[in-house]
Amino acid sequence: MRKHILMKRLFIILFGFILLINCKFSYSHNNVINNSPETNSNEVLIKNFHPGEIWTDMNGKHINAHGGGVIFYEGKYYWIGEHKDSGTSNALAGIRMYSSEDLYNWKDEGIVLAVDPENSGSDIEKGCIMERPKVVYNKKTGKFVIWFHLELKNKGYKAARYAVATSDKITGPYRMEYSARSCKDIWPLNMSLKERSEAIKSFQDKEESGKENSVLKGKFVARDLKEGQMSRDMTIFVDDDGKAYHIFSSEENATLHIAELSDDYLYHSGKWIRILPGRSNEAPAIMKKDGKYWLITSGCTGWAPNKARLAVSESIWGPWKELPNPCRGLNAEKTFNGQSTYILKVEGKKDSWIFMADIWKPENQLDSRYIWLPIEFENNVPVINWNDEWGL
Ligand code: GAL
């Protein structure tokens, strides 16, 4: 009998021990795939940023919001971006959103602007290209407005349009409003009458048009005046006074344009400028500190990374001045193998901004990664230091 009780106790201890080892194993396993989480009941908690690593949402799935942007609304951050699939960079689903209270742990809010069915003939038919979406809230109309870069299906990058979608609720669903080229029939504010006629001449005159400085002179502005200016890589910036601006690559990606938005954020107001002509800037991301505007961009090498650029201005309307690469540390010459997409202001923390970039994987965009790093100021100029792991 005694022997029997002893055996029973031994069995219970052994069983408990096996259970313990099992729990420990599954915890450390979660740790590896879920970006340092702690398991807390069913939730996965992430407590630090791990730039370049797989970043899972609260369901344990790799976040799918590329070329994105983040806004803060009623106590939460909302991150929207391109939903990517494997095998193509084209839009098969649409624009996806996530929400978070702490910037580490993100809840999937699903596709907020869906592509239209194949053969629908819609501007956002499945298979089109939807890139770099940014969402803004318009206080006057109470509407949420998404702006993104749109390329029509089967036309490569030729359409070069921006597109606008709206919703009464931040988490959508968003309704497509329209897509267009920019500022039809309107010359930029920063081209004098003389410069305008030189631009026309350099576009019309074959010999002149072939010269490199014809791009600087604005031959593409003249060429696209009737149809509207090309609009590709982009961001939206809302200034302290509520005025919003669309900043985008134009003129065959040679020159950035900054166009003011109408008060309802649905259209361009018609006021626009060209900046850094001929510098081929893409992937614009912007922030403002102590009255100065800081613009971070990439060069123009498609999905492949290149060296980040920095520019500063005392006014959104320029003049913009270029400064050296703001990145420091491992792979700083290649933007840490990423490409800028947005600068996010951390709420309730003085002078705290996060540089957001994408590590593209064109062979399987589902595996594309995110780089989030703090923007620090040294001698009043932004710098971005590489860090494998960091927290706010
Ligand atoms: C990049 C751009 C991306 C995408 C890609 C296509 O330069 O930043 O958003 O358009 O080119 O090759």
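What you see is a predicted model, and the numbers here were worked out from it, not measured in a lab. (Residues numbered from 1 in each chain as written. Predicted model: local features only at pLDDT ≥ 70, side-chain atom pairs only at ≥ 80, totals over all residues. Heavy atoms only, no water.)

Overview of the packing of aromatic side chains
Counting across every chain of the model gives 25 aromatic pairs. Between Trp 55 and Tyr 370, the ring centres sit 6.4 Å apart and the planes meet at 75 degrees, which makes this aromatic pair edge-to-face. With Trp 55 in the loop between β2 (43-46) and β3 (66-73) and Tyr 370 in strand β22 (residues 369-378), this pair connects stretches of sequence that are 315 residues apart. Across the pair, exposure class does not vary: Trp 55 and Tyr 370 are buried alike. (Phe/Tyr/Trp six-rings, centres within 6.5 Å; stacked < 30°, edge-to-face > 60°. Helix = DSSP H or I, 4+ residues; strand = E, 2+ residues; numbered from the N terminus. Buried < 20%, exposed > 50% of the residue type's maximum accessible area, 1.4 Å probe, protein only.)

Structural notes on the sheet that holds strand β23 (residues 381-385)
Read from one edge to the other, the open sheet built from 5 strands follows the order β19-β23-β22-β21-β20, with strand pairing classed as mixed. A single partner strand is all that each edge strand has here, and the edge strands are β19 (327-328) and β20 (339-345). Pairing between strand β21 (residues 353-359) and β22: 7 bridges, direction antiparallel. Bridging from a neighbouring strand, Met 356 pairs with Trp 372 of β22. (Pairing = 2+ DSSP bridges.)

A word on the site of the ligand
Glu 131, Arg 132, Tyr 157, Asp 233, Glu 282, Gly 302, Trp 303 and Gln 339 make up every residue found near the ligand. One of the side-chain N or O atoms of Glu 131 is found 2.7 Å from an oxygen atom in the ligand. Calculation on the ligand without its partners gives an accessible area of 310 Å², and the protein chains cover 89% of this total. More than half of the atoms belonging to the ligand lie within 2 Å of the grid points that define the second largest pocket. The residue inventory of the shell around the ligand, partitioned by class, reads 2 nonpolar, 2 polar and 4 charged. (Near = heavy atom within 4 Å. Polar contact = N/O pair within 3.5 Å; in protein donor to acceptor, adjacent residues only side chain to side chain. Areas by Shrake-Rupley, 256 points an atom, 1.4 Å probe, with all protein chains shown as cover. 1 Å grid on protein atoms, 1.4 Å probe; cavity = no way out; pocket = protein on both sides within 12 Å on 5 of 7 lines; lining within 4 Å. Sits in = over half its atoms within 2 Å of the grid points. Nonpolar A, V, L, I, M, F, W, Y, C, P; charged D, E, K, R; others polar.)

What to know about the pairing of strand β8 (residues 143-151)
Note on strand geometry: in a regular strand, side chains alternate between the two faces of the sheet. Counting buried residues along β8, 8 of its 9 residues qualify, which places the element largely inside the surrounding structure. Where strand β7 (residues 129-138) lies against β8, 8 bridges are found, and the strand directions are antiparallel. The residue of β8 that forms the bridge with Ile 129 is Glu 151. Hairpin remark: β7 followed by β8, antiparallel, with 4 residues in the connecting loop; positive phi at Gly 142, about 70 degrees. Examined bridge by bridge, β8 and strand β9 (residues 161-167) share 7 bridges and lie antiparallel to one another. Bridge pairing in β9 links Phe 144 to Ser 167.

Let's talk about the pairing of strand β11 (residues 234-238)
Most of β11 sits out of view: 4 of its 5 residues are buried. Examined bridge by bridge, β11 and strand β12 (residues 244-250) share 5 bridges and lie antiparallel to one another. Paired with Phe 237 across the bridge in β12 is Tyr 245.

Topic: the layout of surface pockets
Space inside the largest pocket adds up to approximately 1,000 Å³. The wall of the largest pocket is formed by 35 residues, among which Ile 71, Val 136, Phe 237, Val 238 and Asp 239 lie closest to the centre. Of all the elements in the fold, those that place two or more residues in the lining of the largest pocket are β3, β7, β11, β15 (282-289) and β20. Here the lining of the largest pocket gets 5 residues from one element, more than from any other, and that element is β7. Taken together, the residues of the lining of the largest pocket sort by class into 20 nonpolar, 4 polar and 11 charged. (Points joined across faces, edges and corners; volume = space filled by probe spheres on them.)

Quick notes on the confidence of the model for the protein chain
Mean pLDDT over the protein chain works out to 92, with 89% of the residues at or above the 70 mark. Within the model, the stretch residues 16-41 combines pLDDT values under 50 with 29 contacts to residues more than four positions away or in other chains. (pLDDT = per-residue confidence, 0-100. Contact = heavy atoms within 4.5 Å.)

Some details on the pattern of salt bridges
Once their charged atoms are close, side chains differing in charge can pair, the charge on each being opposite to the other. Counted according to the given criterion, the structure contains 29 salt bridges. For Lys 288, the salt bridge identified is with Asp 239, shortest N-O distance 2.8 Å. Here the residue Lys 288 occupies a position in strand β15, and Asp 239 occupies one in the loop between β11 and β12, the gap between them amounting to 49 residues. When the shortest N-O distance is used, the salt bridge between Glu 251 and Arg 274 registers 2.8 Å. Taken together, the residues Glu 251 in the loop between β12 and β13 (255-261) and Arg 274 in strand β14 (residues 268-275) connect sequence positions 23 residues apart. Overall, the relative accessible area of 0% leaves Glu 251 in the buried class. Relative accessible area serves as the criterion here: at 8%, Arg 274 is assigned to the buried category. Three or more residues are tied together by salt bridges with common partners; here these are Lys 289, Asp 290, Lys 350 and Asp 351. (Salt bridge = Lys/Arg side-chain N within 4 Å of Asp/Glu carboxyl O.)

Side note on the sheet that holds strand β4 (residues 76-82)
Strand order in the open sheet formed by 4 strands is β3-β4-β5-β6, with antiparallel pairing between adjacent strands. Both outer strands of the open sheet, β3 and β6 (107-114), are each paired with one neighbouring strand and no more. Each strand axis lies, on average, 25 degrees off the axis of its neighbour in the sheet, ignoring direction. In terms of strand pairing, strand β5 (residues 94-100) meets β6 through 6 bridges, oriented antiparallel. (Axes fitted to C-alpha atoms, helices over the stretch in contact; angles between N-to-C directions.)

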